[in-house]
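Tertiary structure, described
Letter by letter, the chains look like this.
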Amino acid sequence: MPSPSSHAPEIDRSQPAVVVEDLHRSFGALKAVDGVSFTIDHGRVVGFVGANGAGKTTTMRIMATLDSPGAGRVCMGGHNVVHHPAKVRRLLGWMPDAFGTYEHMSVLEYMDFYARALGFKGDERLRRIQEVMDFTDLTPLADRMSNKMSKGQTQRLCLGRALLHDPQILILDEPAAGLDPKARVELKNLIRILAQEGKTILISSHILSELGEMCDSLLFIDNGRIVHHGDAQSMLRGTETAGETLVNVQIAGNPAKLLEWALTAPLVKVEDETKRGARLRIQAADDDTLAGVLRRMIQDGLPVLDFHREERRLEDAFIDMLGQIDRGRRSEPPPLPGQNDE
Amino acid sequence: MRSDFELRPSFVIQISSFDIPLFIRRKEASTAMTTTALPLLRDFGDRFSPIVVKELRQGLRTRFFTAALLLFHALIILLLASVLLDAPVQTVNGIFWGIAGLMLLVVLPLRAFNELNAESSDGTLDMLTLTSIPSFRILSGKWVALFSQSLLVAGSLLPYMVARYFFGGVEILREVAALIVLVLASGIITAALLAFSSQKSVLLRIALAVGVGFAATPLGLFTAFLVVSNEGDSLIREFLTLAAWEKWSLCGGIVALACYIIWFFLALGASRIAPPSENQSTRKRMIVLAAHATLTLIGWLLGWFGNEAEYAMWAFIPLVPLTMLAAMDVLTEDPPLYPTAVAVLAGKGRAGSLLGRILHPGWPSGVPYSAILVVMTLSILVGVIMRSSFSRWDDFTLFMLLLQLAVFPPVLISLNRSNRFANWWVVQVSMIAAGMLLAVFCEGMGARDLGGVGALAPVTTLFAAEIVGYSSRDGVLQIGCVCALLWTLAAFVRAFLNFPTYTALENEARQLNPPRHDAAE
């Protein structure tokens, strides 16, 4: 695990690690970021979720001082990205979604180059390279050409580079994209250790289940706007259809019996047929009613083999949320002529 | 903090199974690396720029460099062997310098063609930006690495030069002078191609590389003139007759000019890749202004105190393209977005604000800045005219005025909205094309008088003056100059309309708290 180095930049812990206020950024007519606001406290791991083109990367690039905000305020570690970009860069580790390595340069030389560029000298430089390479498990690859590695190894190289100056805030844009399951687990392991170190981490990913596992809270962005900020459970609760529960039922014998039964049973609707039963939507969420439904099935002679409540997945919750937003948009009255001309 | 998260326990259990083998492997490998690999990183000391270290490590390993070096030496060896077979020495000398010129002026500098664009498109430039290495250091580091490889090749020519000396027919001073010219030219071409490699468009880069090639042709011809022709010999003899201070002034002046041009191109490239928060312009403008003021002063002194007023042309001729390049550079800069980009002068009160109108980054301040450079350059010509008996406001003067004012119209014409740099060149090339079309049209229609339409823009006026013929030439040139001045005036108006951007940023920069109060932002 990287030890604190003399190059570690100062950070103001009296303020949130990240403050984004009413951030706007347009590319011509396209509003990539449209009034995004959120804060992240020190030591939190936050997932940044959104479809392609939702505004994740633009927001992250502005936070990393690589793009300029059209309007709004972004402070990292108490430093405004527009007023003090050099300070922000010193306390920031950035891992982009797409990045290149250099030809004719080994992993060791790659790390050495960035260590030199960050101002490490002499033995301190060598020590720091070794610490980071050990941490990211790059040591066995020291002599490998940096442009001839697998995706997972390249991601670890990029993470190692981002950690060289021991940054307090890490911005990781799609770090798990294209990784095999083993590489994903290793990357999650590294992120977990960094979180335990107290680093503030913002991770974007399309794989919501992974973010749910790693993150303290999730930020959902759609069309350049934050549509949800909270932990995974609040996300699941927030999009749950009130007072309804999905139940997966399997019976012995012909599943048609179950479907016939469901037609007459109160509070029960068939959602889907399955090979050995059905997914039922029950108009209740409390345990007593669900137990009552199961009891009635057995009393009515159904040979029930399996009866279990379906857990909602984050993906479903996200899609439901987008659906709700979309329906909300469509229900809005169309703008009057000339209303949008300003 | 994370205890409220339900999925975490299963995640930790899953990860734990990977922890043990992973960390064991790390410990074993780390011991191995300490004893073998890490000391290798001491090959370059800490004093070397990180970019130089990186570029040298990469550059010397490329197949291109190795293959070019081997092929080059194989050709030279074959060439020298031909002398033993009674090949004419003069021909061998010509071919020898032809190969050396091709290598130093074309092959090696061409490696810079895609340097910055590759960094940008691969996403590595962002990562360099985050290390806070200034853009100029990136450019200079790359140039040092590329040029040192050219020096390596130039140095490897020395044994062959000695060998040829023993074969006979070689004047050592001429050869050394030619080698120095080639090395300097190689440095300039490399710097120019490196600066232009910041452009994304391959077509634009090819066009600019061709332009650099044309501009460097006189240097190549001068080398040929030095080593092959008999006049080269008499030029060297004439040089040897000069007084010591004259020799040193001449050599020093040439080297200083070459160094300035190299620095200028590197600064130009740096301002193209700099993040918007970085100010790469103010310092560059001040140095350019100082260099131009020095050359202008030399021009005045030569014009007023030299044996002949035309001696001032030694300063004027190099200033003409340098002014156009400097103006092109500042007129194609994007206006600043960050207060940090104007902070240097914003903190110096009213005087700072006033200076900012010519020294802040961005094309609006570039307009008055360019006008100052143009006035300085043309003032040498005015001095010559006032002192010389034969000079007057003739074609040459008007041509020069038009040439200098030709830098302004692209400020007002937008053919490429996304890239001001490309726009400047596209507008100029379009003007040249329009001038040529006009010439063809007028010639075809037999209506030479129609050529006068070309006087509407500075570049097309240069064609129009040729189209209309000798009798109307002066009139067309004069109308062209008036139109060019109107273009310049319009550029000034557009610049002034954009000055509030500077005022807003200056106010923001002044309100910035000093670093110790950052947290209170």
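**Some words on the pattern of salt bridges**
Side chains that carry opposite charge are capable of pairing whenever their charged atoms lie near each other. Residues and elements named next belong to chain B. Throughout the structure, instances matching the rule amount to 32 salt bridges over all chains. We note a salt bridge from E333 to R285, for which the minimum N-O separation is 2.8 Å. Of this pair, E333 sits in the loop between helix 14 (313–331) and helix 15 (343–346) while R285 sits in helix 13 (residues 282–305), placing them 48 residues apart in sequence. Overall, the relative accessible area of 5% leaves E333 in the buried class. Overall, the relative accessible area of 0% leaves R285 in the buried class. Residue E466 pairs with R473 through a salt bridge whose shortest N-O separation is 2.6 Å. Under the relative-accessibility criterion, E466 is labelled partly exposed at 47%. For R473, a relative accessible area of 18% gives the class buried. What emerges from the salt-bridge pattern is a single network uniting K54, E55, E115, E119 and K142.

**Remarks on the nonpolar core**
Among the nonpolar cores identified, the biggest contains 167 residues, and I201 and I203 of chain A together with W97, F264, F265 and F408 of chain B are the most heavily contacted of them. Beyond its immediate chain neighbours, meaning those up to four positions away, I203 of chain A contacts V45, V46, G47, F48, M60, L172, P175, I191, L211, M214 and C215 of chain A. Of all hydrophobic cores here, the second largest spans 32 residues; its members include V36, M60, M63 and L66 of chain A.

**Brief notes about the side chain of T296 of chain B**
Residue and element names in this part refer to chain B. Relative to the assigned elements, T296 resides in helix 13. With a relative accessible area of 2%, T296 lands in the buried category. Residues in contact with T296, not counting those within four places in the same chain, are L319, M376, S379 and I380.

**Here we look at the pairing of strand 12 (residues 268–274) of chain A**
All names here are of chain A. Pairing analysis gives six bridges linking strand 12 to strand 13 (residues 277–282), with the strands arranged antiparallel. Bridge pairing links D272 to R279 in strand 13. Turn length for the strand 12-strand 13 hairpin, with the two strands adjacent in sequence and antiparallel, is two residues.

**Examining the domain arrangement of chain A**
When cut into domains, chain A gives domain 1 (18–101 + 149–237) and domain 2 (241–309). One C-alpha centre belongs to domain 1 of chain A, the other to domain 2 of chain A, and the line joining them spans 43 Å.

**Comments concerning a nonpolar patch on the surface**
Residue and element names in this part refer to chain B. Side chains of V162, Y165, F166, I172, L173, V176, I180 and L240 sit close together on the surface and give an oily, nonpolar patch of about 760 Å² of accessible area. Secondary-structure elements contributing two or more residues to the nonpolar patch are helix 8 (158–167) and helix 9 (172–196). Here the element with the most residues in the nonpolar patch is helix 9; it accounts for four residues. Looking at the element boundaries, I180 is found in helix 9. Owing to a relative accessible area of 47%, I180 belongs among the partly exposed residues under this scheme.

Reading guide: rules and limits
- Residues numbered from 1 in each chain as written.
- Chains lettered and ligands numbered in written order.
- Predicted model: local features only at pLDDT ≥ 70, side-chain atom pairs only at ≥ 80, totals over all residues.
- Heavy atoms only, no water.
- Salt bridge = Lys/Arg side-chain N within 4 Å of Asp/Glu carboxyl O.
- Helix = DSSP H or I, 4+ residues; strand = E, 2+ residues; numbered from the N terminus.
- Buried < 20%, exposed > 50% of the residue type's maximum accessible area, 1.4 Å probe, protein only.
- Core = buried A, V, L, I, M, F, W, Y, C linked by side-chain atoms within 4.5 Å.
- Contact = heavy atoms within 4.5 Å.
- Pairing = 2+ DSSP bridges.
- Domains from an automatic or database assignment.
- Patch = residues over 30% accessible without salt bridge, like charges linked within 9 Å, V, L, I, M, F, W, Y side chains within 5 Å.
- Areas by Shrake-Rupley, 256 points an atom, 1.4 Å probe, with all protein chains shown as cover.

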